[in-house]
Amino acid sequence: MGAFFFLGYYLKKSVFHFISFRFVVLKMNEIMHQEKIEAIKAAIASADAQNQDELEAYRLQFISKKSVVGELFAEMRNIPNEQKREYGQLVNEVKQLADAKFQELIDKVNAASKKSKSMDLDLTLPPTYIPVGGIHPLTATRQRIIEIFERIGFNLSEGPEIEDDWHNFTALNFPENHPAREMQDTFFIEKNPDIALRTHTSSVQVRVMENQKPPIRTLSPGRVYRNEAISARAHCIFHQVEGLYVDENVGFADLKNTLYHFAKEMFGRETKVRFRPSFFPFTEPSAEIDISCLLCGGKGCNVCKGSGWVEIGGSGMVDPNVLENCGIDSKKYTGFAFGMGIERIAMLKYQIKDLRLFTENDVRFLKQFRSLL
Ligand SMILES: [Zn+2]
């Protein structure tokens, strides 16, 4: 509207005041430029962009050299010198407006694409991995041992981890001065009467014999405690499994055959078993149980220290004193017993070199056994 008013004003002026023709043409050009600039400003103000294509369209229309703003600059050469300054200012103003709007639109399109990315949901992608736990190697070993003995008629028995002197020592024929009764070997909870963390699961066998009549065929797995310095080969907490068979006419041959069967089932058919004479207070005669080295098959290696054999536990015929202590007639009944460390068996079976790994809860170690059932 303002432009038309000026146009009329100057036309009137040119007619009534006889102003030179050239001046009128110049003024008309100026008015036309002003109108054009106002129109471009309005177009910039109302411009919008929703995506990269529309952004590019805006750039071509208002920013590039061939854009309408670019044309305004090119027009500069046709502007008379005395108006160049004023014209230049107007065009620069338009240029600034166009640039500011361009930046605003870039920000808007970028923000929109970021938002749409976060909403991007592809239902065909595989699901997020949810870690699945596995059975601890000691649990797997324990379960396998139980399974082997259950198949040949052994049942399962369990007892308390805090034991009195009778069940842990005296009933098992430990003499008064036996080193296991000393403070440095056993975790005593109370003295006189002595209460301690059980040092073996033989205490469970005493409880079974006290409460059941032969025939008894039982397996007692469980946690035991000994006052030992923790190292790669020893720990103050470990697991044992002990077996007991009491009936009429049970002999050492039964013990050997039972353990042959176990060794072959547990470690493989080629496994050989050897018994070495030993001493335990609760068995007579007593023997250590060795199996042929799983790694070298008996040839000799680092694991078996060149001997070809590795120890897996102790065994023997139940001492008649123990049977009598538990109320079983030792003239009528005989029995055998054996005990093994579950850690020891697991270390041999899975070639684990450090006992401490079992209790450190290091997932890198544990997840190697994820496939165990
Ligand atoms: Zn070996």
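Since we're looking at a predicted model, the values are computed, not measured. (Residues numbered from 1 in each chain as written. Predicted model: local features only at pLDDT ≥ 70, side-chain atom pairs only at ≥ 80, totals over all residues. Heavy atoms only, no water.)

A few points about the overall build of the protein chain
Note the cut-off: A helix here means a DSSP run of H or I that spans at least four residues, while a strand means a run of E at least two residues long, and both kinds are numbered starting from the N terminus. The reference for a compact globule is 2.2 Å times residues^0.38; the radius of gyration itself is calculated from the C-alpha atoms. Only protein chains enter the area calculation, which uses a 1.4 Å probe; residues under 20% of their type maximum are buried, those over 50% are exposed, and those in between are partly exposed. The contact definition used throughout considers only heavy atoms, calling two residues in contact when any of these lie within 4.5 Å. For accessible areas, the Shrake-Rupley method is used with a probe of radius 1.4 Å. Any residue's cover is judged against the shown protein chains and nothing else. Positive: Lys, Arg. Negative: Asp, Glu. His and the chain ends are not part of the count. Note that the charge is assigned to NZ on lysines, CZ on arginines, CG on aspartates and CD on glutamates.
When helices and strands are counted, the protein chain shows twelve helices and ten strands. Its C-alpha atoms give the protein chain a radius of gyration of 48 Å, more than 25% over the compact-globule value 21 Å for 373 residues. If one aligns the C-alpha atoms of the protein chain with their principal axes, the spans along those axes are about 150 × 50 × 35 Å. A burial count over the protein chain gives 42% of its 373 residues as buried. Considering only contacts in the protein chain between residues 6 or more positions apart, those separated by 24 or more positions represent 66%. When the accessible surface of the protein chain is split by element, carbon and sulfur atoms take 55% of a total near 21,900 Å². Separation between the mean location of the 47 positive side-chain charges and that of the 48 negative ones in the protein chain comes to 10 Å.

Thoughts on the coordination of the zinc ion
Stated formally: Metal sites are built from N, O and S donor atoms within 2.8 Å, or 3.2 Å for Na, K and Ca, and they leave out water, so they may look incomplete. Under the classification used here, a metal with four donors is tetrahedral if each angle lies between 85 and 135 degrees, square planar if opposite donors are over 155 degrees apart and the others between 65 and 115, a six-donor metal meeting that same test is octahedral, and anything else is irregular.
The protein atoms donating to the zinc ion are Cys293 (SG), Cys296 (SG), Cys301 (SG) and Cys304 (SG), with metal-donor distances spanning 2.2 to 2.3 Å. Each of the four donor atoms around the zinc ion contributes to a set of angles spanning 105 to 115 degrees, which defines the coordination as tetrahedral. Considered as a linear motif, the donors of the zinc ion on their single chain read C-x2-C-x4-C-x2-C. The buried category is assigned to Cys304, whose relative accessible area is 4%.

Looking at the sheet that holds strand S7 (residues 273-280)
Here is the rule: A pair of strands counts as paired when DSSP detects no fewer than two bridges linking them. Orientation is described by axes fitted as lines to C-alpha atoms, over the contacting stretch for helices, and by angles from 0 to 180 degrees between their N-to-C directions.
Pairing is mixed in the open sheet, where seven strands are placed in the order S1-S5-S6-S10-S9-S8-S7. At either end of the open sheet lies a strand with only one pairing partner, and these are strand S1 (155-156) and S7. In terms of strand pairing, strand S5 (residues 216-225) meets strand S6 (residues 237-247) through ten bridges, oriented antiparallel. Directly across from Gly222, in S6, lies its bridge partner Gln240. The sheet contacts of helix H6 (residues 137-150) involve S1, S5, S6 and strand S10 (334-341), and relative to S5 the element is tilted by about 165 degrees. Where helix H11 (residues 342-350) meets the sheet, its contacts fall on S6, strand S8 (283-292), strand S9 (309-318) and S10, and the angle it forms with S9 comes to roughly 145 degrees.

Things to note about the nonpolar core
The line we're drawing: By nonpolar core is meant a set of buried Ala, Val, Leu, Ile, Met, Phe, Trp, Tyr and Cys residues that side-chain atoms within 4.5 Å join together.
In terms of nonpolar packing, the biggest core is built from 43 residues, with Ile145, Phe262, Ile312 and Phe338 touching the most fellow members. When residues of this core are traced back to their parent elements, those giving at least two are H6, S6, helix H9 (252-267), S7, S8, S9, S10 and H11. Setting aside its immediate chain neighbours within four residues, Ile145 contacts Leu219, Val241, Phe262, Met266, Ile342 and Ile345. Counting 23 residues, the second largest nonpolar core, distinct from the first, contains Ala171, Leu172, Leu244 and Ile328.

Re the sheet that holds strand S3 (residues 188-190)
Spatially, S2-S4-S3 is the arrangement adopted by the three strands of the open sheet, whose pairing is antiparallel. On the outer flanks of this sheet lie strand S2 (162-164) and S3, each paired with one strand and no other. Adjacent strand axes in the sheet meet at a mean angle of 35 degrees, parallel and antiparallel pairs treated alike. Across three bridges, S2 lies against strand S4 (residues 195-197) in antiparallel orientation. By the bridge assignment, Ile162 is partnered in S4 with Leu197.

Looking at the domain arrangement of the protein chain
We count it as follows: Throughout, the edges of the domains are those of an automatic or database domain assignment.
Assigned domains within the protein chain: domain 1 (14-112) and domain 2 (137-368). Between domain 1 and domain 2, the C-alpha centre-to-centre distance is 97 Å.

Re the packing of H6 against H9
Counted only if it meets this: Reported orientations rely on four angle classes, namely roughly parallel under 35 degrees, roughly antiparallel over 145, roughly perpendicular from 65 to 115, and oblique for the rest. Crossings are sorted by hand: turned counterclockwise from the far helix by less than a right angle, the near helix makes the crossing left-handed, and turned clockwise it makes it right-handed.
Closest axis-to-axis distance for the H6/H9 pair is 10 Å, and the angle between their directions is 135 degrees. The angle between the axes of H6 and H9 places the two elements in the oblique class. The interaxial crossing formed by H6 with H9 has right-handed handedness. Between H6 and H9, the residues in contact are Thr141, Arg144, Ile145, Ile148 and Phe149 and Thr258, His261, Phe262, Glu265 and Met266, respectively.

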